[in-house]
Amino acid sequence: MMNNIAPGWKSIVDHLMDTPSYHQLTIFLEKEYQEQTIYPALSEQFKALAYTDYNAVKVCILGQDPYHGPGQANGLAFSVPSGVKLPPSLRNIYKELSDEFNAPVQQDGDLTHWAEQGVLLLNTVLTVRAHQAHSHQNKGWEEFTDGIIEALSQREDPVIFILWGNAARQKKKLIQSHHLILESAHPSPLSAYRGFFGSKVFSTCNKWLVKMGKTPINWLK
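These numbers come from a predicted model, not from an experiment.

(A) Representation of the nonpolar core in the model. Judged by nonpolar contacts, the single largest core of 65 residues is most densely connected at Trp9 and Phe144. A total of six residues in this core trace back to one element, the largest contributor, which is helix 6 (residues 141-153).

In structure tokens form, the structure reads like this:
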């Protein structure tokens, strides 16, 4: 599991795992994986840190906990494996992308191609019980992922943080001022019409990347 983490994260992750809260989390998770159906698969818990190395991160999109339906969670925030029906939030993300770039609405929910271009798709809680949203909150994951955000924030090279909804916005206090924050309502159907649709977050992000001298993200497949 740990062998999959990209090399630039190793020392950061080693430090974050050597804490009382993480030790308690591992005890909790061991029991959960034995007794319950947990998503994502154990091998995909740290997929976000496997695909996007520390120094390669250009953009960080924060999610909450993984999808809790069968076959949905794949270790990347908002992403599902190819062939899986698009969850509502991802469907709205694709609608906004389609409107921004005047392109067909995408149907493949696997966002690995974003991660490979430097988009860290980080959930703040990395596991969940089947059919029980938020079931692994306040078990220790938040301390771990806060540490990941803080480690990114300590980088001199600026990162664009995309914060959708109140839960993600609460992480602003962890982000130093030389980074760029783009925030709006969450793409969930409950809130997308309150400022996510029409936010032009993806084209705005790319404009800033160009200003920073970086290659923009190809958001479309």
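(B) A look at the side chain of His136. Along the chain, His136 turns up in the loop between strand 4 (128-129) and helix 6. For His136, a relative accessible area of 1% corresponds to the buried category. Only 2.8 Å separates the side chain of His136 from the side chain of Glu32, close enough to count as a polar contact. Here His136 is in contact with Phe28, Leu29, Glu32, Ile38, Val125, Thr127, Val128, Arg129 and Trp141, once residues within four sequence places are set aside.

(C) Structural context of unusual backbone geometry. In the segment running from Tyr39 into Pro40, the intervening peptide bond is cis, with an omega of -10 degrees. Mapped onto the elements of the fold, Pro40 is located in the loop between strand 1 (38-39) and helix 3 (47-51). At Phe78, a position not held by glycine, the phi torsion is positive, near 75 degrees. Looking at the secondary structure, you find Phe78 in the loop between strand 2 (59-63) and helix 4 (88-101). For Lys200, which is not glycine, the phi dihedral falls at a positive 55 degrees. Following the sequence through the fold, Lys200 ends up in the loop between strand 6 (180-184) and helix 8 (201-211). Residue Lys200 is classed as partly exposed on the basis of its relative accessible area, which comes to 46%.

Basis of the calculations
- Residues numbered from 1 in each chain as written.
- Predicted model: local features only at pLDDT ≥ 70, side-chain atom pairs only at ≥ 80, totals over all residues.
- Heavy atoms only, no water.
- Core = buried A, V, L, I, M, F, W, Y, C linked by side-chain atoms within 4.5 Å.
- Buried < 20%, exposed > 50% of the residue type's maximum accessible area, 1.4 Å probe, protein only.
- Helix = DSSP H or I, 4+ residues; strand = E, 2+ residues; numbered from the N terminus.
- Polar contact = N/O pair within 3.5 Å; in protein donor to acceptor, adjacent residues only side chain to side chain.
- Contact = heavy atoms within 4.5 Å.

All quantities given are derived from atomic positions and should not be read as evidence of function.
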